Amino acid sequence: MKPLTATARLQFHSRFTLDDGTALVPYLSKLGASHVYASPLLTARAGSTHGYDIVDHNRINPELGGEEALHRLVAALRAEGMGLILDIVPNHMGVGDHDNAWWLDVLEWGRHSPYAEYFDIDWDPPDSSMRGRLLAPFLGRPYGECLEAGDIALHWDAATGRFTARYFVHHFPINPRDYAAVLLTPGGVLEEPARRFAELGSGGRTEVREAAAAARRELSEPQFAPAMAEALRAYDARTPEGRDRLHRLLERQAYRLSWWRAATDEINWRRFFDVNGLAGVRQEVPGVFEDTHRTVFRLYEKGLIDGVRIDHVDGLAFPRDYCRKLRRRLDALTPKRPEGLRDQRAVLWVEKILFAHEHLDGDWMTDGTTGYDFMNDVGALLHDPAGEAPFTTLWATQTGRPAAFEPEAQDARRQILRESLSSELFNTAAALHRVARRDPATRDFTLTGIRSALVELLVHFHTYRIYAGVAGVSERDQRAMDWAMSGARRTVRAADRELLELVGRLVSGTGLRQAPAGTRRQDWLRAMVRFQQLSAPTAAKSVEDTAFYRYGRLISRNEVGSEPSQWALLPTAFHALNQQRQRRFPRALLATATHDHKRGEDARMRLAALSGRAAEWEAAVARWTRLNAPSKRDLEGPAPDAADELMLYQTLVAAWPPGLAPDDAAALETYRDRVGAWLQKAQRESKRRSTWAAPDEAYEAASQAFLAACLEPSRPVVAEIAAFAERLAPAAAINGLSQTLLRMTCPGVPDLYQGTDYWDLSLVDPDNRRPVDYERRAATLDDADPAALLAHWQDGRVKQAVIARALAYRARQPELFGSGKYLPLKVEGPAAEHILAFARVHLGRAAIVVVTRGAQALPLGEEHAKVTVTAWHETALLLLRFLGGKAATCVLGGWSGSLGVRLPIASVLADMPVALLEVAPLEVE
């Protein structure tokens, strides 16, 4: 099998199955991928377009073709020498509906279910009415209304022998001990079967479940069918008597049916963020780990997969322990794999957001992250530092909103804790309160006070989470705590400062090892874990899913894994980050697009080009705002408001399709629909004027009408937007090629998200998951010279050619790019700031990478997507001494020659804005 050199990410669903993926294998192999990197393949909720709502961890999704189709895909991959990486979802499962057998068993048997410990349920919450029960917040309106309307109905399924309360697609099993009450309703003739259920013992022991199963089988016999129908009529909620019986029956269950809105304040089980349909799974329990990974291990041992990508690792109670355990299990299985697959260690990537001051610990035993950090680094590198001040001023003056990102983020954190994660906040505060009450010195601190102090700590938390445990907190995590505590001390009420210090000590585990073993220590550790599992969704929901849609000075920096307050990155910092990655995680994934990105990799590059044209942009925005003023509505303020308007203009320019004529009404309508979907999502995610929970339909309609006016062919604005996008596009294409070549050559493993082998001007999902025209891509993938294709750069073939040429070279030299040193190269001359260059060197082999930065500030030639040769006058690379005199050839075509002490940029970039030079073998490294 080929060594791991590049991955191709594919999103599988019912309309793009494993067999569809199999058909693409020859193309992906020719493009240069060594592995397919698949979205989750285990059985997800029916119709899932992403696969992250798994309901069965031990079956390949039949909607994708099942395990037979997986075998066909793997056979095709092996025929090309390729491998398969599987995305796995250990943190949560899809619940509700009627397709998760483990969850349904918990609903049926409560805490006595063998799966009760699989889900992160608090069976003893502060609300005494919920002791031993869980909230089931799956109703579309208040419980009483659903009951009275007859939307909740009791059903009998003779095939399974079960009574369930059904609400549309949701099934809520009735505990077998309550069957007797149903069977013995007035007029019932099912006395003997009822007796069997009435005699079931307590709890959920094996013998009780077996007795219940036997009684169910008897009850399913055909002779009871007429009587069963009569018994069900007594529970018909459309009559007052039936409604009362059904209500009393439901109140005896191990769940409480509720309106979905109640989850915000009352849910007593961990969700994925604030999604009621995704329940947290307890991987820290050994049996849970085994049952959720059994199939993954089998697939790895049988040679059907070659590694895994761990989704949302920060949601787990103990991510480090989980990763180490998974690594050891995979390593132990490696010698058992088929012959020819035992020489490569399993790939293990974690999906994790790393803030600017954060790094992934090596003792997790992973191969690194899924690449959000690289996506941030390369994006920041290609933004113009000089644009920060004018764009910040424009945003603040035009919108009246904060000039800095942090105030927006803090406001969003408060709102999320108040409106979306209120229940999780309360449960964490209650867990801390339980610990405080065990100590006479702290027992008088109130639950309300602890909750208030906890809010202030979370508002100032500048990382996803810490990883404190029995041993306390690490030095790095203590710094994160110190930062958050410092901010919280400035905003907490004076009366709560002592309480804040207590909360800080408790959540970081200070003194935990000295606490008496037993219940007190376990309660303390549980409270710490709750805090860590709260801080992660708080960060994600408030920053990525809220503040990113509020702060719009330049939305290309509002990307997953990025920090909007970081406008740009200097080459020296970029080099340092690459050297660090090479030392610590040489197999980390390098991504520039993912299924979660806010906008496509080349849409961001168009905005990166815009970052260097502040004056031109300010003038355009002023004119468009004036021309579009009559298209706004007054809804207690303008609709859309200035913030939404400014972000809309950025989006229209960033995603403007190549070749879209401003008078093409049909194509404009298609584009308007795409941008309109983004606009609605952006406004609801921002939670300023509209929300998903309570959409402001009038404001949204006014905004959509405004968008339609912007794209009306008869108005001058659309032509001006198109012209502006066209002016940015050549420099954006150069940015895109630079970003592409850096991804192919920097330390790590390049990832190709589906469809991004051409220009990627997509918007946030579902736009970035649209069908890809692979037939056209396969037809254009040949051995054409990238320099020749540059003249036709608009169609994206040049990007595809650069990827194919670079990956072919990388495949020929896997050690050079996998283990080679990363050596920054100095540039001198008047245009030095517009060049970034480095060498990769390993055991007598060397490659030189040269890319263009800030092309929007340079004169472009006749081909438009290339800087004129005169712009590089007297600008040159200063080569390392051992490279001198060596012959070199550009892998991308064009330049070849002998290397001297200085390599003129005008020569090496004469044909392309980027270069990858293959150097003749060296005598010494």
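Treat the numbers as computed from the prediction; the structure is a model and nothing was measured. (Residues numbered from 1 in each chain as written. Predicted model: local features only at pLDDT ≥ 70, side-chain atom pairs only at ≥ 80, totals over all residues. Heavy atoms only, no water.)

**Focus on the overall build of the protein**
Basically, it comes down to this: Only runs of H or I of at least four residues qualify as helices and only runs of E of at least two qualify as strands under DSSP, and these elements are numbered from the N terminus. The reference for a compact globule is 2.2 Å times residues^0.38; the radius of gyration itself is calculated from the C-alpha atoms. Burial classes: relative accessible area under 20% of the type maximum marks a residue as buried, over 50% as exposed, and values in between as partly exposed (1.4 Å probe, protein chains only).
Looking only at helices and strands, the protein has 32 helices and 28 strands in total. On C-alpha atoms alone, the protein measures out to a radius of gyration of 30 Å, which is about the 29 Å that the 2.2 N^0.38 rule sets for 925 residues. Dimensions along the principal axes, computed over C-alpha positions, put the protein at roughly 95 × 70 × 65 Å. For the protein, the proportion of its 925 residues judged to be buried stands at 60%.

**Some thoughts on the packing of aromatic side chains**
Under the convention used in this document: Each Phe, Tyr or Trp ring, with Trp reduced to its six-membered ring, pairs with another whose centre is within 6.5 Å; inter-plane angles below 30 degrees give stacked pairs, above 60 give edge-to-face pairs, and intermediate values give tilted ones. Ring-over charges, as used throughout, are those where CZ of Arg or NZ of Lys falls within 6 Å of the ring centre and within 35 degrees of the ring normal.
Under the counting rule described, the total for this entry stands at 33 aromatic pairs. When the centroid spacing of 6.1 Å and the interplanar angle of 65 degrees are considered together, the rings of tyrosine 37 and tryptophan 349 count as edge-to-face. Of the two residues, tyrosine 37 sits in strand E2 (residues 35–38) while tryptophan 349 sits in strand E15 (residues 347–350), which places them 312 residues apart along the sequence. For the residue pair tyrosine 37 and tryptophan 349, the accessibility class agrees, reading buried in each case. Each ring, one from phenylalanine 289 and one from phenylalanine 297, has its centre 5.9 Å from the other, and the planes form 50 degrees; the classification is tilted. Take phenylalanine 289 and phenylalanine 297: they sit in the same class, and that class is buried. An aromatic cluster is built from Trp103, Phe119, Phe138, Phe172, Tyr255 and Trp269, whose rings are joined through pairwise contacts. One Lys or Arg, arginine 9, reaches over the ring of tyrosine 37 and ends 4.6 Å from the middle of that ring. The aromatic ring of phenylalanine 289 is capped on one face by lysine 325, whose charged end is 4.4 Å from the ring centroid.

**A word on the sheet that holds strand E5 (residues 83–88)**
This is how the line gets drawn: A strand pair is defined by DSSP finding two or more bridges across the two strands.
Taken together, seven strands build an open sheet; the order of strands is E15-E14-E5-E2-E1-E19-E16 and the sheet is parallel. The strands lining the two open edges of the sheet, one partner per strand, are E15 and strand E16 (589–590). Where E2 meets E5, four bridges bridge the pair, whose relative direction is parallel. For valine 36, the partnering residue across the bridge sits in E5 and is leucine 84.

**Let's talk about the nonpolar core**
Cut-off, in case you're wondering: In these notes, a set of buried Ala, Val, Leu, Ile, Met, Phe, Trp, Tyr and Cys residues joined through side-chain atoms within 4.5 Å is what counts as a nonpolar core. Here a residue-residue contact requires only that any non-hydrogen atoms of the pair lie within 4.5 Å.
If you look at the biggest cluster of nonpolar residues, it comprises 187 residues, and the most contacted ones within it are Trp617 and Ile848. Considering each element in turn, this core owes the most residues, 16 residues, to helix H27 (residues 716–745). Setting aside residues no more than four positions away along its own chain, isoleucine 848 makes contact with Leu825, Phe838, Ala839, Leu877, Leu879, Leu883, Leu899, Ala915, Leu916, Leu917 and Val919. Of all hydrophobic cores here, the second largest spans 61 residues; its members include Leu104, Ile174, Leu183 and Val288.

**Describing the sheet that holds strand E21 (residues 826–828)**
What counts here: Here an axis means a line fitted to C-alpha atoms, over the contact stretch when the element is a helix, while the angle between two N-to-C directions is reported on a 0 to 180 degree scale.
Pairing in this open sheet of three strands is antiparallel, and the strands run E21-E24-E27 from one edge to the other. At either margin of the open sheet sits one strand with a lone partner, and together these are E21 and strand E27 (902–904). Put simply, the sheet's adjacent strands are angled 30 degrees from each other on average, direction ignored. Bridge analysis of strand E24 (residues 876–878) against E27 gives three bridges, and the strand direction is antiparallel.

**Comments concerning the environment of proline 771**
Relative to the assigned elements, proline 771 resides in the loop between strand E19 (749–753) and helix H28 (774–780). With 109 residues separating them along the chain, proline 771 and leucine 880 place their C-alpha atoms 46 Å apart.

**Some thoughts on the pairing of strand E13 (residues 275–280)**
Bridge analysis of strand E6 (residues 92–94) against E13 gives three bridges, and the strand direction is antiparallel. For methionine 93, the partnering residue across the bridge sits in E13 and is alanine 279. In sequence, strand E12 (residues 271–272) turns back onto E13 through a hairpin of two residues, with phenylalanine 273 there showing a positive phi of about 55 degrees.

**A short note on helix H19 (residues 497–508)**
Counted only if it meets this: Here a helix's expected span is defined as the number of its residues, less one, multiplied by 1.5 Å.
For H19, spanning 12 residues, the distance from its first C-alpha to its last is 17 Å, which sits close to the expected 16 Å at 1.5 Å a residue. For H19, every residue scored as buried is listed here: Leu499, Leu500, Leu502, Val503, Gly504, Leu506, Val507 and Ser508. On its buried side, H19 packs onto helix H16 (422–436), helix H17 (447–459), helix H18 (475–491) and helix H20 (519–544). Positive phi shows up at glycine 509, right after H19, with a value of about 80 degrees.

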